Structures are given as C-alpha cells and as structure tokens.
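# Observations on the three-dimensional arrangement
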Amino acid sequence: MNIVNLPPRPHFPPPVHVGIIMDGNGRWATARGLPRAVGHKQGAEAVRRTMEAALHLGIRYLSLFAFSSENWKRPAAEIIDLMGLLRLYLRNEVRYLCENGIRLRVIGDRARLAPDIVALIEDSERRTAGNDKLTVIIALSYGGRAEIVEAARRLAEKAATGRIDPNEIDEDSLAEHLYTADVPDPDLLIRTSGEKRISNFLIWQLAYTEFMFLDVLWPDFSRSDLEAAISEFHRRERRYGAIGV
Ligand code: FPP
C-alpha cells in the first residue's frame, strides 16, 4: 500500500506521559441514588479500563490522582471506604500489572497512611519494579506544594552540610528532589467532571503541560474519551514559550 494513502492516525504518536485528575465519583453515585462508595468502586473499574487503553495506545507513563492531602478532610467513613478500596486494589491488581508489563509507583506522604497500606504499596512496587511497558504512578495522600517544600528542605539540608553549593541550585536540582525525579513531565493532563482546577496536582511538573477538562464523570471515562483527548492534544501546537513556526 502506498504510505501516502494511509489514513491519518489521530492518536499517534501517543503522548509519553498522561496525568489524570479522576473527579466525579461522588456525583456519579449521587445521580443514581447510590452511596458515594459505589462511585469510588466504579472509579476503580475506570482505572483498570484506562490502564488497558494506555497500554493499547503506547502511553509510557500514566499518573492518577487518587487521594490528595486535602482529601483527609473528608468524613471519616468516606476515608475508610477509600482506603478499603485501595487495600483491595493493591492486593488484587498486582498479578494483572505483572501479566501486562505495568510498573506501579505510588507518590505522596506515606507517613499519614496506615502501616498495612504502606506495606502493600512497598510490596506492589517491589513486585512490579522490573515491568517496563507502562508505569502507573498513583498519587496518594499527595500535594504538589508539600512535594516542593520537601524538595527544598532536602536541598537546604545538603547546603547546610556543604554537600551542595547554594549558588548551584537550579531547576534541574530541585526537580531531582521531587518524587518524579526520573519521570518526564506530563505532556497532557486530563481532569474529568467539568471542574477546571489542578487542585495541587504535580504543580511543578505541569508547567508546560496541555490541559483538557472533560465533562464526563470519572466512572464513565472510557477509551474513546482518552483517544479524543489525545486527538485534541495533537491539534494543539506546543511552543514551550518560543515562537511558533
Ligand atoms: C474524586 O471524586 C475521586 C476521588 C477523591 C478518589 C479517586 C479514587 C478512585 C478513582 C478509586 C480508587 C483508586 C484506585 C487507584 C484504585 P469525588 O469523590 O471528589 O467526586 P465528586 O467531586 O463528584 O464528589
């Protein structure tokens, strides 16, 4: 076949790193007269669908905002439900992750998580460490400002003990002290549910990212939503502050 006549592939090449703020579980459940916990459960199904779609499309990094530092302010019962779902997920999903070459990483403040959840996270990260098709980064008890403060604190400690010259601290050295030190910045950020905020998610890393705000609620998010977002991503021109051609 003459290559000139091939149909365009609107999702190709895929963005290397896609971030998603998974929003709208509660509204999805409330609209159906169901408890919010059911919305979160359906949200976990959408996580599985999205990982499959990301694998299929050739995305290399998928970052998912699962629980923010601010989410600790939710009612205790909802936090218990969410943590229970997370336990289930970590216990049951590792086999699927390994069968499909998916590496799992979790970023955020582990000191606030229950010790058994921390142990499950460490076990899942260890068991999936050799997988290299797709890296799924779950942000849990995560806040972008806190991440930057922690990086600044570690740099200050190094400066105080003479291990780094303060004059040499630059964007690269700060980025090297973030959870995402070895991960390329997201190319595309999607937020579902119609809200148009970044809510303290990867605020350093999103400096040049293309944002897409979709009206779909997270439990309804499908492969075609991801494909449509990637097609739109390809229609945008990324200039990184320079002048377009
Ligand atoms: C936002 O919806 C969603 C969350 C705070 C939790 C996200 C959790 C999941 C998708 C399920 C578990 C995740 C994993 C990785 C297994 P919301 O409750 O803020 O919805 P609302 O804005 O409609 O109230």
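Nothing here was measured: the structure is a model prediction, and the numbers come from that model. (Residues numbered from 1 in each chain as written. Predicted model: local features only at pLDDT ≥ 70, side-chain atom pairs only at ≥ 80, totals over all residues. Heavy atoms only, no water.)

## Remarks on the site of the ligand
- Inspection of the region around the ligand gives 18 residues, with Asp23, Gly26, Arg27, Arg36 and Arg74 positioned closest.
- Here the ligand loses 92% of its free accessible area of 620 Å² to cover by the protein chains.
- Elements with a minimum of two residues in the shell around the ligand: α1 (25-30), α2 (36-57) and α3 (76-99).
- Each residue belonging to the shell around the ligand can be placed in one class, and the counts come to eight nonpolar, six polar and four charged. (Near = heavy atom within 4 Å. Areas by Shrake-Rupley, 256 points an atom, 1.4 Å probe, with all protein chains shown as cover. Helix = DSSP H or I, 4+ residues; strand = E, 2+ residues; numbered from the N terminus. Nonpolar A, V, L, I, M, F, W, Y, C, P; charged D, E, K, R; others polar.)

## Here we look at helix α5 (residues 144-160)
- With 17 residues, α5 should reach 24 Å at 1.5 Å per residue; the first-to-last C-alpha distance of 24 Å fits that figure.
- Those residues of α5 lying buried are Gly144, Glu147, Ala151 and Leu155. Within α5, the buried residues cover an arc of 70° as seen down the axis, which keeps them to one side. Opposite the buried face of α5, at more than 90 degrees from it, the exposed residues are Arg145 and Ala160.
- Positive backbone phi, approximately 75°, marks glycine 162, located one or two places after α5. (Expected span 1.5 Å × (residues − 1). Buried < 20%, exposed > 50% of the residue type's maximum accessible area, 1.4 Å probe, protein only. Arc of directions from axis to C-beta.)

## Some remarks on the packing of aromatic side chains
- Within this structure, the stated rule accounts for seven aromatic pairs.
- Both rings, one in tyrosine 142 and one in tyrosine 179, keep their centres 6.2 Å apart while their planes meet at 55°; by these two values the pair is tilted. Of this pair, tyrosine 142 sits in strand β4 (residues 134-142) while tyrosine 179 sits in the loop between α6 (171-175) and β5 (188-191); the two residues are 37 residues apart in sequence, bridging distant segments of the chain.
- When its relative accessible area of 34% is taken as the criterion, tyrosine 179 is described as partly exposed. (Phe/Tyr/Trp six-rings, centres within 6.5 Å; stacked < 30°, edge-to-face > 60°.)

## Thoughts on the pattern of salt bridges
- Counting across every chain of the model gives 17 salt bridges.
- The salt bridge partner of aspartate 23 is arginine 191, with a shortest N-O separation of 2.9 Å. On the criterion of sequence distance, the pair formed by aspartate 23 in the loop between β1 (17-21) and α1 and arginine 191 in strand β5 is long-range, its members being 168 residues apart. When sorted by exposure, aspartate 23 lands in the same class as arginine 191, which is buried. (Salt bridge = Lys/Arg side-chain N within 4 Å of Asp/Glu carboxyl O.)

## Some details on the side chain of asparagine 131
- Within the element layout of this structure, asparagine 131 appears in the loop between α4 (115-128) and β4.
- You can call asparagine 131 buried: its relative accessible area is 16%.
- Separated by 2.9 Å, the side chain of asparagine 131 and the backbone oxygen of isoleucine 102 make a polar contact. (Polar contact = N/O pair within 3.5 Å; in protein donor to acceptor, adjacent residues only side chain to side chain.)

## Considerations on the nonpolar core
- Judged by nonpolar contacts, the single largest core of 45 residues is most densely connected at Ile20, Leu62, Val136, Ile190 and Leu226.
- Ranked by residue count, the leading element in this core is α3, at eight residues.
- If we ignore the near neighbours within four places in the chain, the residues touching isoleucine 190 are Val18, Gly19, Ile20, Ile21, Met212, Leu214, Phe221, Leu226 and Ala229.
- One finds Ala139, Val183, Leu189 and Leu206 within the second-largest nonpolar core, a separate group that totals 12 residues. (Core = buried A, V, L, I, M, F, W, Y, C linked by side-chain atoms within 4.5 Å. Contact = heavy atoms within 4.5 Å.)

## Side note on the sheet that holds strand β2 (residues 61-68)
- The six strands are arranged β3-β4-β2-β1-β5-β6 in an open sheet whose pairing can be described as parallel. Of all the strands in the sheet, just β3 (102-107) and β6 (210-213) have a single pairing partner and so form its edges. Ignoring strand direction, the axes of neighbouring strands in this sheet form an average angle of 20°.
- One ladder, built from seven bridges, connects β2 with β4; its direction is parallel. Note on β4: the bridge partner recorded for phenylalanine 65 is alanine 139. (Pairing = 2+ DSSP bridges. Axes fitted to C-alpha atoms, helices over the stretch in contact; angles between N-to-C directions.)

## Side note on the packing of α2 against helix α7 (residues 223-235)
- At their nearest, the axes of α2 and α7 sit 9 Å apart, and the two run at 45° to each other. Considered as vectors, α2 and α7 are oriented oblique to each other. You can see that α2 and α7 cross each other, and the crossing is right-handed. Here Glu52, Ala53, Ala54, His56 and Leu57 of α2 lie close against α7, whose contacting residues are Arg223, Leu226, Glu227 and Ile230.
- Across the contact of α2 with α7, the residue classes tally to five nonpolar, one polar and three charged. (Parallel < 35°, antiparallel > 145°, perpendicular 65-115°, else oblique. Left-handed = near helix turned anticlockwise from the far one by under 90°.)

By themselves these figures say nothing about function.
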